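Spelled out from the first residue to the last, the chains are:
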Amino acid sequence: MSRLDFTPYRRTTVGFDHLFDLLESQARSNSSDNYPPFNIARSSEDNYRITLAIAGFRPEDIEITAQQNLLTVQGKKREESHEAAEMLHVGIANRGFERRFELADHVRVERADLADGLLVIDLVREVPEAMKPKKIAVNGAATLTAVPDASEDDANAA
């Protein structure tokens with residue numbers, strides 16, 4: 001049993017309690033169940049993809065809920081009748097599941113697709129215009145302009 005101890009960091013930081021609590025709760029919850037397996041990938045600075053291996057589930061068996069900073073994926077177990085066949089071995093998991101993902105601020109679900117037993121959820125981080133850094137003129141006009149992001153400069157140059 002491994003437990004993360006953030007006590008030394010808690011003594012020297014202010015306002016990060018939520019972050020440390022989040023890390024400790026994730027460590028506790030992830031140690032219990034690894035079903036279904038999943039991957040998380042980042043395709044660019046603001047685009048992410050979660051892929052869950054959920055073979056045997058249909059789109060109507062899956063429920064995806066996005067709240068403020070939480071993405072919940074639930075799979076509901078369905079009963080299949082195998083009355084005509086006697087099952088000698090059952091190796092394909094057909095059990096319900098719930099997988100939770102903590103999302104950063106301003107991350108939203110763009111789309112979700114189910115194909116070939118893989119549920120793919122695309123996420124996008126969109127920082128509101130009001131939250132972006134602004135240049136403020138000193139002893140000048142009162143106009144504010146957004147500071148261009150490095151990734152936007154690269155995209156415009158291409």
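Refer to the structure presented above.
Residue positions within a chain follow its written sequence, with the count starting from 1. The predicted nature of this model means local features are confined to residues of pLDDT at least 70 and side-chain atom pairs, given and counted, to a pLDDT of 80 or more, with totals for whole chains, interfaces and linings taken over all residues. Hydrogen atoms and water are omitted, and side-chain values are computed over all heavy atoms in the structure.

K.L.:
Give a detailed account of the sheet that holds strand β3 (residues 62-66), specifying residues and quantitative values.
P.N.:
Picture the strands of a sheet paired through backbone hydrogen bonds; they go either parallel or antiparallel. Pairing within the open sheet is antiparallel, and its three strands lie in the order β3-β4-β5. Single-partner strands in this sheet number two, and they are β3 and β5 (97-102). Strand-to-strand twist of the sheet, defined as the mean angle between neighbouring strand axes without regard to direction, takes the value 10 degrees. Any two strands with at least two DSSP-identified bridges between them are counted as paired. For the purposes of this entry, the term helix denotes a DSSP run of H or I that reaches at least four residues, the term strand denotes a run of E that reaches at least two, and both are numbered from the N terminus. All axes here are fitted lines through C-alpha atoms, helices being fitted over the stretch that makes contact, and every angle between N-to-C directions spans 0 to 180 degrees.

K.L.:
Let's hear about the pattern of salt bridges: which residues, and what values?
P.N.:
We define a salt bridge as a side-chain nitrogen of Lys or Arg found within 4 Å of a carboxyl oxygen belonging to Asp or Glu. With the rule as written, the count across this model stands at eight salt bridges. For R58, the salt bridge identified is with D61, shortest N-O distance 3.6 Å. The class of R58 is partly exposed, set by a relative accessible area of 38%. Exposed residues in this analysis have more than 50% of their type's maximum accessible area, buried residues have under 20%, and partly exposed residues fall in between, with area computed by a 1.4 Å probe over protein chains only. Looking at D61, the relative accessible area reads 7%, which means it is buried.

K.L.:
Can you tell me about unusual backbone geometry, naming the residues and giving the values?
P.N.:
Glycine aside, the phi torsion of most residues is negative, and most peptide linkages are trans. Look at the link from Y35 to P36: it is a cis peptide, with omega at -5 degrees. Inspection of the secondary structure puts P36 in the loop between α2 (17-30) and β1 (38-44). Residue H106 is not a glycine yet carries a positive backbone phi of 70 degrees. Positionally, H106 belongs in the loop between β5 and β6 (107-115). At D116, a residue that is not glycine, the phi angle is positive and equals roughly 55 degrees. In this fold, D116 is placed in the loop between β6 and β7 (118-125). Overall, D116 belongs to the exposed group, its relative accessible area being 81%.

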